[in-house]
Amino acid sequence: KGRRKQWYQRRVRAETSLENFLHEHLDHLLTFLVLFCSKDFVGNPHTRAEIVEALTVFVPNERSSVTTLNREAALCSNRLATAKLGEKLIGVFVDVEQSSEFEHKFQYRYHIFELLDYIWPRPEFGLSALSEEVRGREEDTTVLFTKFLQLLMNDANFLLDESFRQLEEIRNLEQLQDTEEWGSLDEAAREAKLRSLAQMKRACTYYNMMSSETVKCLQYMSALGGEPVTYAFVTPLLVDTLTTMLNYYLKELVSDTQIKYKIKNLQDVKFHPDKLLIGISEIYINLREQPAFISAIPRDGRSYHSALFTNAIAKLRKLQYSEEKIEMLLEVSVLAAEAVTSEEVEGILTERAPEHFLDPILGTLMTEPVLLPSSRVIVERSVIAKHLLSDPIDPFNRQPLSMKDVQPDRRLRDEIAAWKRTELAKIQDTNEN
């Protein structure tokens with residue numbers, strides 16, 4: 001506690017000194033820090049992540065009592081910061097994925113979130129331009145914003161999964177304390193379980209804090225920046241990952257199974273289920289005008305069902321959530337239900353298709369078959385593109401592979417399309433009869 005107090009006092013003194021700097025000195029300092037966030041100048045991602053942490057003193061912080069007016073003004077007027085800071089932050093976010101230990105990675109990303117929270121809504125930083133490179137390169141696994149969104153979604157999924165798992169284990173231990181079995185344990189066994197409980201609570205608190213920041217980032221990014229940003233969320237590489245995650249945690253928050261996550265004091269572990277429900281619901285709302293997003297919602301066979309949004313809306317009304325936004329979520333529900341029909345037809349076609357029409361990885365009917373040059377296996381273009389986003393090798397022989405290497409099989413594509421037209425006509429005739 002003494003060391004923390006000394007650290008806090010030093011930070012306050014440093015922030016107070018910075019706040020009293022002349023504007024031109026702050027401008028020079030900012031230019032230096034933003035410049036050295038670039039891998040062109042600093043190759044080590046850990047060092048760049050520490051520079052990002054230094055930049056957080058230019059934005060408001062609820063943990064600090066020192067005003068940031070001068071520092072904010074310097075940040076919002078610095079030409080290099082407004083032109084390049086967003087890109088540099090996202091670059092560091094991506095680079096620490098492979099080069100950092102687990103805890104360091106999320107610690108670094110916490111500071112990146114602090115800055116993104118502040119600059120993303122501000123038009124002077126022009127961050128929506130980062131997403132514009134996605135259009136026309138939907139299957140390009142090297143696009144920075146695509147890699148960033150994929151890692152963001154993976155983080156949200158991992159952190160929420162760990163949080164919910166820890167909550168369930170904490171609940172089990174708390175319930176054990178209220179049973180006769182607890183009384184029958186010797187003192188050493190009880191102390192061991194209490195230490196385990198304390199450790200689980202610490203881990204759960206960490207996961208909840210980080211998952212809250214990650215979902216919040218997905219929420220405001222999908223809300224601000226216009227169509228180029230929402231389009232980036234729903235490319236073939238990302239849309240199924242996103243909808244599968246959203247559907248699963250929406251179901252966990254509104255179904256009867258949520259009781260297994262109710263511990264004695266949710267505040268102890270900083271778990272805010274109502275806030276999380278609103279955050280997830282608003283991501284659905286923000287992306288509702290993207291047809292690819294709507295069609296992907298019912299494609300998730302694990303969590304999507306007809307009552308999913310009905311249950312969510314009922315709970316949101318109890319929270320006195322905006323009726324206007326509830327109407328928007330209801331629109332998502334209706335559109336997703338309509339998309340189920342086309343998914344059912346796709347399922348019938350997949351069942352009837354010859355084996356060589358099916359993607360060997362997912363077993364789905366191909367629409368854009370491509371040949372992998374080294375293994376000579378034919379797969380669906382979108383499936384291999386999604387695989388290469390996280391692992392740039394041929395999954396059949398472990399040889400290096402990129403999307404520019406794959407070869408379209410136009411003959412097979414046309415054969416599948418002709419067969420599909422014939423089968424759809426048969427299904428339509430059957431329905432009419």
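All values derive from a computational prediction rather than experimental measurement.

Peer 1: Sorry, what's going on with the pattern of salt bridges here?
Peer 2: For side chains of opposite charge, pairing can occur when their charged atoms come near one another. Enumeration over the complete set of coordinates arrives at 22 salt bridges. One salt bridge in this structure joins Asp117 and Lys216, with 3.1 Å as the shortest N-O distance. Within this pair, whereas Asp117 is found in helix α6 (residues 102–119), its partner Lys216 is found in helix α10 (residues 187–223), the two being separated by 99 residues in sequence. A salt bridge links Asp391 to Arg398, with the nearest nitrogen and oxygen atoms 3.9 Å apart. We classify Asp391 as partly exposed; its relative accessible area is 25%. Looking at Arg398, the relative accessible area reads 53%, which means it is exposed. When salt bridges that share partners are traced, they join Glu97, Lys105, Arg109 and Asp155 into one network.

Peer 1: Where do I start with the side chain of Ser303 in this structure?
Peer 2: Take Ser303: it is sitting in the loop between α14 (291–296) and α15 (308–318). Classification of Ser303 as buried rests on a relative accessible area of 2%. If near-sequence neighbours (up to four positions away) are discounted, Ser303 is found in contact with Asn247, Tyr248, Lys251 and Leu308.

Peer 1: What is the right way to read the packing of aromatic side chains from this model?
Peer 2: For the structure shown, the criterion picks out 16 aromatic pairs. For the pair Phe357 and Trp419, a centre-to-centre distance of 5.7 Å together with 75° between the ring planes defines the contact as edge-to-face. Here Phe357, found in the loop between α16 (323–352) and β1 (369–371), pairs with Trp419, found in helix α18 (residues 410–432); they are 62 residues apart in sequence, far enough to count as distant. Under the relative-accessibility criterion, Phe357 is labelled buried at 2%. These aromatic residues form a ring-pair network of at least three members: Phe93, Phe113, Trp120, Phe145 and Phe148. Sitting over the ring of Phe93, Arg109 keeps its end group 4.0 Å from the ring centre.

Peer 1: Would you take a moment to explain helix α13 (residues 273–286) for this structure?
Peer 2: The α-helix winds at 3.6 residues per turn, so residues separated by three or four positions along the chain end up facing the same way. An ideal rise of 1.5 Å per residue puts 20 Å on 14 residues; α13 measures up with 20 Å between its terminal C-alpha atoms. Where α13 is concerned, the buried positions are Leu276, Leu277, Gly279, Ile280, Ser281, Glu282, Ile283, Tyr284 and Ile285.

Peer 1: What should I look at first to understand the nonpolar core in this one?
Peer 2: Across soluble globular proteins, nonpolar side chains show a tendency to be buried alongside one another. Counting 113 residues, the largest nonpolar core has Leu75, Phe148, Phe233, Tyr284 and Phe293 as the members making the most contacts within it. Top contributing element to this core by residue count: helix α8 (residues 144–177), with 14 residues. Ignoring any residue separated from it by four or fewer positions in sequence, one finds Leu75 in contact with Leu30, Phe58, Val59, Ala81, Thr82, Leu85, Tyr118, Ile119 and Phe125. Counting residues in each nonpolar core, the second largest holds eight residues, with Phe357, Leu412, Ile416 and Trp419 among its members.

Peer 1: I'm lost on empty space enclosed by the protein in this one. Help?
Peer 2: Vacant regions in the atomic arrangement are exposed by a probe of water-molecule size rolled over the atoms. With the rule as written, the count across this model stands at one cavity of 30 Å³ or more. Roughly 40 Å³ of internal volume is contained in the largest cavity. Along the walls of the largest cavity sit Leu160, Val215, Met245, Leu246, Tyr249, Ile280 and Ile283, which together make up its complete lining. Of all elements in the fold, only α12 (239–254) and α13 reach the threshold of two or more residues within the lining of the largest cavity. Here the lining of the largest cavity takes three residues from α12, the largest share from any one element.

About the thresholds
- Residues numbered from 1 in each chain as written.
- Predicted model: local features only at pLDDT ≥ 70, side-chain atom pairs only at ≥ 80, totals over all residues.
- Heavy atoms only, no water.
- Salt bridge = Lys/Arg side-chain N within 4 Å of Asp/Glu carboxyl O.
- Helix = DSSP H or I, 4+ residues; strand = E, 2+ residues; numbered from the N terminus.
- Buried < 20%, exposed > 50% of the residue type's maximum accessible area, 1.4 Å probe, protein only.
- Contact = heavy atoms within 4.5 Å.
- Phe/Tyr/Trp six-rings, centres within 6.5 Å; stacked < 30°, edge-to-face > 60°.
- Lys NZ or Arg CZ within 6 Å of the ring centre and 35° of its normal.
- Expected span 1.5 Å × (residues − 1).
- Core = buried A, V, L, I, M, F, W, Y, C linked by side-chain atoms within 4.5 Å.
- 1 Å grid on protein atoms, 1.4 Å probe; cavity = no way out; pocket = protein on both sides within 12 Å on 5 of 7 lines; lining within 4 Å.
- Points joined across faces, edges and corners; volume = space filled by probe spheres on them.

Note that all results are geometric; they support no functional claim without further evidence.
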